[in-house]
Amino acid sequence: MAVGGVGSSLLLLSGVVVTVGLCRRLARRRLRSRPLLFAFLVEMFSTFQICACTNELSLLGNVEPKPHTALTLTYGFTVLHGLSLAGSTCNPCGTLQPMWGGGTSLRMGGLKIAAQFVAAVLARVFMHFIWSLEMAEPHLGALSQGCSSPMQTTEMQAFCIELLFSVVFQLAVLQAESVNPKYRVHLIALLITMLVYAGGNLTGAIFNPALAFSLHADCFYDKFLSYSLVYWLAPCLGTILVVFIWDEIFPQKS
């Protein structure tokens, strides 16, 4: 029988965060001598946490009062991810940026991006299994929704929104590198919450290709070209623009 709503979801998400934390710690202890495997697993575990949590949070978007509850959860879990997943990007765009700028090798960057998409698929499979048990109220009927159609505007507008949000986010991350870490995580969380509030009803405000695939794999299957342009190409193009702006227009002093 299904039990309470938000409370049961938060309990589930706490279990995911704790389990991922234990897996990351175990990987650090056991795999430091194997850097490629270590990098792959840590990035996979970290991305799994973000994708699994966001899949669950997507079921709570209509919890009253709207949109305050959803935005509060977005902010809170973004802070939690920032504190618990230090050192991981969990976003192919975040990995592409140092690759394009020469800070990360092609081999290591490709390995991390592969880990992110593997985690996206695993998180989706795991959450769908949990939902199929229908032990919590938000899970009832969750699997029957199919493609939830996050694009509520034209493809061109959606493309521009995801590109713009990716540029804003990546620029903010670069600019915040000089900020004290205990403040930086809150600044980034506040920015993400603001972007979700501004564009969540139009595109979902995802600007993360792996997360988009984990959330909306059915939509990619139905309309692959449209969704790959909006949720894969646009954020990656935004990242490339950021690298150009940061390195060419505003070169950093040595």
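Going by the structure above, here's the rest.
Residues numbered from 1 in each chain as written. Predicted model: local features only at pLDDT ≥ 70, side-chain atom pairs only at ≥ 80, totals over all residues. Heavy atoms only, no water.

## Some words on the packing of helix 2 (residues 35–57) against helix 3 (residues 68–84)
This is how the line gets drawn: As a rule, the C-alpha atoms of each element are fitted with a line to give its axis, helices using only the stretch in contact, and angles between N-to-C directions run from 0 to 180 degrees. Counting from the N terminus, the helices are DSSP H or I runs at least four residues long and the strands are E runs at least two residues long. For classification, angles of less than 35 degrees are called roughly parallel, those exceeding 145 degrees roughly antiparallel, those between 65 and 115 degrees roughly perpendicular, and all remaining angles oblique. For this analysis, residues touch if any pair of their heavy atoms sits within 4.5 Å.
Contact geometry of helix 2 with helix 3 gives a least axis separation of 11 Å together with a crossing angle of 170 degrees. Comparing the axis directions of helix 2 and helix 3 gives the class roughly antiparallel. Every residue of helix 3 that contacts helix 2 at Gln49, Ile50, Cys53 and Leu57 is listed here: Leu73, Phe77, His81 and Ser84.

## Considerations on the pattern of salt bridges
Oppositely charged side chains may form a pair once their charged atoms are brought near each other. Operational definition: In the sections that follow, a salt bridge refers to a side-chain nitrogen of Lys or Arg positioned within 4 Å of a carboxyl oxygen of Asp or Glu. Exposure categories follow from relative accessible area, calculated using a 1.4 Å probe and restricted to protein chains: below 20% of the type maximum is buried, above 50% is exposed, and the middle band is partly exposed.
Counted by the stated rule, this structure contains one salt bridge. Taking the shortest distance from any N to any O, the salt bridge between Arg124 and Asp218 comes out at 3.1 Å. One end of the pair, Arg124, is in helix 5 (residues 106–133); the other, Asp218, is in helix 9 (residues 217–222), and 94 residues separate them in sequence. Arg124 sits in the buried class, given a relative accessible area of 13%.

## Looking at the nonpolar core
Short version of the rule: Put simply, a nonpolar core is a bunch of buried Ala, Val, Leu, Ile, Met, Phe, Trp, Tyr and Cys residues held in one set by side-chain atoms that sit within 4.5 Å of each other.
In this structure, Met44, Phe48 and Tyr231 are the most contacted members of the largest nonpolar core, which totals 52 residues. Contributing elements (two or more residues each) for this core: helix 1 (6–30), helix 2, helix 3, helix 5, helix 6 (155–175), helix 8 (209–215), helix 9 and helix 10 (224–249). The leading source of residues in this core is helix 2, at twelve residues. When neighbours within four sequence positions are excluded, Met44 is seen to be in contact with Ala115, Val118, Ala119 and Leu122.

## Focus on helix 6
Keep this limit in mind: Working rule for helices: expected span equals 1.5 Å times residues minus one.
Here helix 6 spans 30 Å end to end across 21 residues, near enough to the 30 Å set by a 1.5 Å rise per residue. Along helix 6, the residues that are buried comprise Ala158, Phe159, Ile161, Glu162, Leu163, Phe165, Ser166, Val167, Phe169, Gln170 and Leu174.

## Quick notes on a nonpolar patch on the surface
Applicable threshold: Residues enter patches when their relative accessible area tops 30% and they take part in no salt bridge; the joining distance is 9 Å for like charges and 5 Å for the nonpolar side chains Val, Leu, Ile, Met, Phe, Trp and Tyr. What sets the accessible areas is the Shrake-Rupley method with a 1.4 Å probe; for residues, cover comes only from the shown protein chains.
On the surface, a cluster of nonpolar side chains totalling about 300 Å² of accessible area is made up of Phe129, Leu133 and Met135. Tracing the backbone shows Met135 in the loop between helix 5 and helix 6. Among the residues examined, Met135 registers a relative accessible area of 47% and is labelled partly exposed.

## Quick notes on unusual backbone geometry
In this chain, Glu64 is followed by Pro65 through a cis amide linkage whose omega measures -5 degrees. Looking at the element boundaries, Pro65 is found in the loop between helix 2 and helix 3. Cis peptide bonds are those with omega within 30 degrees of zero, and the linkage from Lys66 to Pro67 qualifies with -10 degrees. Residue Glu134 is not a glycine yet carries a positive backbone phi of 50 degrees. Within the element layout of this structure, Glu134 appears in the loop between helix 5 and helix 6. Judged by relative accessible area, Glu134 falls into the partly exposed class, the value being 36%. For Ala205, which is not glycine, the phi dihedral falls at a positive 50 degrees. One can find Ala205 in the loop between helix 7 (181–199) and helix 8.

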